[in-house]
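# A closer look at the structure
Letter by letter, the chains look like this.
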Amino acid sequence: MSSNSYINLAIFASGKGSNAQEIITRFKGHPKIRVALIVSNKPEAGVLGIAQGEGIDALLIERERFLKGDGYVPVLKKKGIDWIILAGFLWKVPASLIQAYPGRIINIHPALLPNYGGKGMYGHFVHEAVIKAGETESGITIHFVDEHYDHGQTIFQATCAVEPGDTPDTLAGKIHILEHRHYPEVIERLISQ
Ligand code: GAR
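All of the points below concern the structure found in this document. No experiment lies behind these values; they were computed from the predicted model shown.

Turning our attention to helix H6 (residues 123–132). The complete set of buried residues in H6 reads Val-126, His-127, Ala-129 and Val-130. One face of H6 carries all of its buried residues, which in axial projection span an arc of 160°. In this structure, the buried residues of H6 make contact with strand E5 (105–109), strand E6 (137–144) and helix H7 (168–192). Of the residues flanking the end of H6, it is Gly-134, one or two places downstream, whose phi is positive at about 75°.

Structure follows, in structure tokens:
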């Protein structure tokens, strides 16, 4: 735990940030855990607007430094970050960061891993592939992050039906409901252990 006695989370996100918003809301006023930083690789990402609206510090990261440089580890350490929460973050996490936060980086994936994961499998591409394959079930996977895409140990899964007539959009809607319901709660449980 950091010296300020809070457990500090950094949320990494590349997009709209609806999961980030749910996590921020969950820990607002929490006695032990707080979202201390939002990290994004995209200047136009909606999540940066959320950070601003919530009064949370934001960090825009640059590709070379993140993937091949120090992985922003000194910046995260200086901020007292204890856990890294990926919520729709689309760059691979470099070894420098994994080594600096062993067992303390988690991700949410919008499918039932080990299926429909890996490079290029994010957001709509996942839902399109699930529907195209004729699956009758999909879901979410919350897992520890290792050096391979969508590969680390599973922490939690939840499922939903894929029904005839579902489109990538309707399936994305069902998945988001599951994510918002479970991700903040699973994070809290894991961190409080
Ligand atoms: C979420 O559905 C998340 O599972 C997915 O991106 C979406 C982000 O939505 N992540 C991946 O596909 C990672 N491979 P949000 O910006 O509204 O939270």
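Next comes the rest of the write-up.
Here the focus is the sheet that holds strand E4 (residues 81–86). Judged by pairing direction, the sheet is mixed, and its 7 strands sit side by side in the order E3-E2-E1-E4-E5-E6-E7 without closing on themselves. Of all the strands in the sheet, the pair left with one neighbour each is strand E3 (57–60) and strand E7 (154–161). Each strand axis lies, on average, 20° off the axis of its neighbour in the sheet, ignoring direction. When strand E1 (residues 7–12) meets E4, the two strands line up parallel, connected through 5 bridges. By the bridge assignment for E4, Asn-8 is matched with Ile-81. Here helix H1 (residues 18–27) sits on the sheet in contact with E1, strand E2 (33–40) and E4, set at roughly 155° to E2.

With that out of the way, let us pick up the layout of surface pockets. Reported here for the largest pocket is a volume of approximately 870 Å³. Gly-88, Phe-89, Leu-90, Tyr-122 and Gly-123 are the residues nearest the centre of the largest pocket, which is lined by 39 residues in total. Among the secondary structure elements, those contributing two or more residues to the lining of the largest pocket are H1, helix H3 (63–68), E5, H6 and H7. For the lining of the largest pocket, the per-class residue count stands at 15 nonpolar, 17 polar and 7 charged. In this structure, the second largest pocket spans a volume of roughly 180 Å³. Lining of the second largest pocket is provided by 13 residues; of these, Phe-27, Lys-28, Arg-34, Val-35 and Ile-56 occupy positions nearest its centre. Put simply, the parts of the chain that give the lining of the second largest pocket at least two residues each are H1 and E2. The element contributing the most residues to the lining of the second largest pocket is E2, with 3 residues. Looking at the lining of the second largest pocket residue by residue, the classes come out as 6 nonpolar, 3 polar and 4 charged.

Rules used throughout
- Residues numbered from 1 in each chain as written.
- Predicted model: local features only at pLDDT ≥ 70, side-chain atom pairs only at ≥ 80, totals over all residues.
- Heavy atoms only, no water.
- Buried < 20%, exposed > 50% of the residue type's maximum accessible area, 1.4 Å probe, protein only.
- Helix = DSSP H or I, 4+ residues; strand = E, 2+ residues; numbered from the N terminus.
- Arc of directions from axis to C-beta.
- Contact = heavy atoms within 4.5 Å.
- Pairing = 2+ DSSP bridges.
- Axes fitted to C-alpha atoms, helices over the stretch in contact; angles between N-to-C directions.
- 1 Å grid on protein atoms, 1.4 Å probe; cavity = no way out; pocket = protein on both sides within 12 Å on 5 of 7 lines; lining within 4 Å.
- Points joined across faces, edges and corners; volume = space filled by probe spheres on them.
- Nonpolar A, V, L, I, M, F, W, Y, C, P; charged D, E, K, R; others polar.

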